[in-house]
Amino acid sequence: MYSFMGGGLFCAGVGNILLIVSTATDYWMQYRQSSNYMHQGLWRYCMPGKCFPHSDSIAHLDATRALMILSLLACFIGIIIGIMAFIHYSSFDRFDKTFAAGILFFISCFLVFLAMAVYTGVTINYYGKRYGNWRFSWSYIIGWVSVVLTFFSGIFYFCAYRMHECPRNANSH
């Protein structure tokens, strides 16, 4: 059980760090315009030597930002509850922390998956039809890696929950 919880905490910790890096950096997409490479993130777009905040409230960027921040919060709270389960902190007797941490990691996975899907769909439909020389960049790729890590942290915590519950259920019969 502890090995699953340790693996879940490791995946969640790395996933949360990658979520922070992905959300905060400006390399979600790179494109070439008039022989210069430019890049943009969720908060700013950058030309050679200078970055500017997105001045317009662009709906897909707002949705992606909100979903990424909610995912960060769910993952962080899941890590706190996962640590509490790991050290047997029991302020609630009927509250199974391994199950709650697994649920929070799956919620985080779902939210970051939605954020990435929204960004991907709009970017491909908009830039794919208008510009020929663009590509997704490393911040975007890190976002997808965090989807996988938060998913596996949820799997690990659900396995720990099942291992913890099976002996309890066998003794009750």
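All values reported here derive from a predicted model rather than from experimental measurement. (Residues numbered from 1 in each chain as written. Predicted model: local features only at pLDDT ≥ 70, side-chain atom pairs only at ≥ 80, totals over all residues. Heavy atoms only, no water.)

A. Representation of the side chain of Gln-30 within the structure. If you trace the backbone, Gln-30 turns up in strand E1 (residues 29-33). Judged by its relative accessible area of 17%, Gln-30 falls in the buried class. Within the structure, the side chain of Gln-30 is placed 2.6 Å from the side chain of Arg-135, a separation counted as a polar contact. With residues near it in sequence (within four places) discarded, Gln-30 still touches Met-38, His-39, Asn-133, Trp-134, Arg-135 and Ser-137. (Helix = DSSP H or I, 4+ residues; strand = E, 2+ residues; numbered from the N terminus. Buried < 20%, exposed > 50% of the residue type's maximum accessible area, 1.4 Å probe, protein only. Polar contact = N/O pair within 3.5 Å; in protein donor to acceptor, adjacent residues only side chain to side chain. Contact = heavy atoms within 4.5 Å.)

B. Fine view of helix H1 (residues 2-24). For H1, which comprises 23 residues, the first-to-last C-alpha distance of 33 Å matches the rise-based estimate of 33 Å (1.5 Å per residue) to within 8%. Every buried residue of H1 is accounted for by Met-5, Gly-7, Gly-8, Leu-9, Cys-11, Ala-12, Gly-15, Asn-16, Leu-18, Leu-19, Ser-22 and Thr-23. (Expected span 1.5 Å × (residues − 1).)

C. View of the environment of Ala-74. Mapped onto the elements, Ala-74 comes out in helix H2 (residues 59-86). Note on Ala-74: relative accessible area 8%, which makes it buried. C-alpha of Ala-74 to C-alpha of Leu-111: the two residues are 37 residues apart in sequence and 8.9 Å apart in space. Once residues lying within four places of it in the same chain are set aside, the contact partners of Ala-74 are Leu-104, Ile-107 and Ser-108.

D. Seen up close, the packing of H1 against H2. Packing of H1 against H2 brings their axes to within 10 Å, and their N-to-C directions diverge by 155°. As summarised for this structure, H1 and H2 are arranged roughly antiparallel, according to the angle between their axes. Remark: the crossing between H1 and H2 carries left-handed chirality. Counting all contacts with H1, which are made through Tyr-2, Met-5, Gly-6, Leu-9, Ala-12, Gly-13, Asn-16, Leu-19, Ile-20, Ser-22 and Thr-23, the residues of H2 involved are Met-68, Ser-71, Leu-72, Cys-75, Phe-76, Ile-79, Gly-82, Ile-83, Ala-85 and Phe-86. Looking at the contact of H1 with H2, its residues break down into 14 nonpolar, seven polar and no charged. (Axes fitted to C-alpha atoms, helices over the stretch in contact; angles between N-to-C directions. Parallel < 35°, antiparallel > 145°, perpendicular 65-115°, else oblique. Left-handed = near helix turned anticlockwise from the far one by under 90°. Nonpolar A, V, L, I, M, F, W, Y, C, P; charged D, E, K, R; others polar.)

E. Main features of the pairing of strand E4 (residues 50-53). Across four bridges, strand E3 (residues 44-47) lies against E4 in antiparallel orientation. Looking at E4, one finds that Met-47 is bridged to Lys-50. Connecting E3 to the antiparallel partner E4 that follows it, the hairpin turn spans two residues, and Gly-49 within it adopts a positive phi of roughly 90°. (Pairing = 2+ DSSP bridges.)

F. Summary view of the state of the cysteines. What the rule picks out here adds up to one disulfide. Two residues, Cys-46 and Cys-51, share a disulfide whose sulfurs are 2.0 Å apart. Between Cys-46 and Cys-51, the S-S dihedral sits near 105°, and the bridge is therefore right-handed. Judged by relative accessible area, which is 1%, Cys-46 ranks as buried. (Disulfide = S-S within 2.5 Å.)

G. Here's a closer look at the pairing of strand E2 (residues 36-40). Pairing geometry for E1 and E2, over five bridges, is antiparallel. The residue of E2 that forms the bridge with Tyr-31 is Met-38. Hairpin connection of E1 to E2: two residues between the antiparallel strands, including Ser-34 at a positive phi of 45°. Bridging between E2 and E3 involves two bridges; their strand directions are antiparallel. By the bridge assignment for E3, Gln-40 is matched with Tyr-45.

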